[in-house]
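The chain contents come next:
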Amino acid sequence: MKTVKVDWLGDCEKCGVESALVETENGKEDWLYEGDKVTCCCGHTGHVEILPCEPVAYAVWDELPEAE
Ligand SMILES: [Zn+2]
């Protein structure tokens, strides 16, 4: 496993930052795999999903805790 920094997965749902760190086995800065773990600099986490018909990866963020 290695960690790469990407800025094309979409904004973090918590803080709006566009770049995130992704833990990936075989991916790289411009190519990620389904299920790779995404972590934002604010600590929010999610995972990578791939569109069914196109090689387009995007971040699916974990549910945010209830706003206080
Ligand atoms: Zn964030």
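This text follows the structure it describes.
(A) Summary view of the coordination of the zinc ion. The protein atoms donating to the zinc ion are Cys 12 (SG), Cys 15 (SG), Cys 40 (SG) and Cys 42 (SG), with metal-donor distances spanning 2.2 to 2.4 Å. With four donor atoms in place around the zinc ion and angles of 104 to 113° between them, the coordination shape is tetrahedral. The sequence motif formed by the donor residues of the zinc ion is C-x2-C-x24-C-x1-C. Note that Cys 12 is positioned in the loop between β1 (2-6) and β2 (20-24) and Cys 40 in the loop between β3 (37-39) and β4 (45-50), a separation of 28 residues in sequence. Each member of the pair, Cys 12 together with Cys 40, is buried.

Rules and cut-offs
- Residues numbered from 1 in each chain as written.
- Predicted model: local features only at pLDDT ≥ 70, side-chain atom pairs only at ≥ 80, totals over all residues.
- Heavy atoms only, no water.
- Donors = N, O, S within 2.8 Å, 3.2 Å for Na, K, Ca; no water.
- Tetrahedral: all angles 85-135°; square planar, octahedral: opposite > 155°, others 65-115°.
- Helix = DSSP H or I, 4+ residues; strand = E, 2+ residues; numbered from the N terminus.
- Buried < 20%, exposed > 50% of the residue type's maximum accessible area, 1.4 Å probe, protein only.

In short, the description is geometric, and any link to function would need to be established separately.
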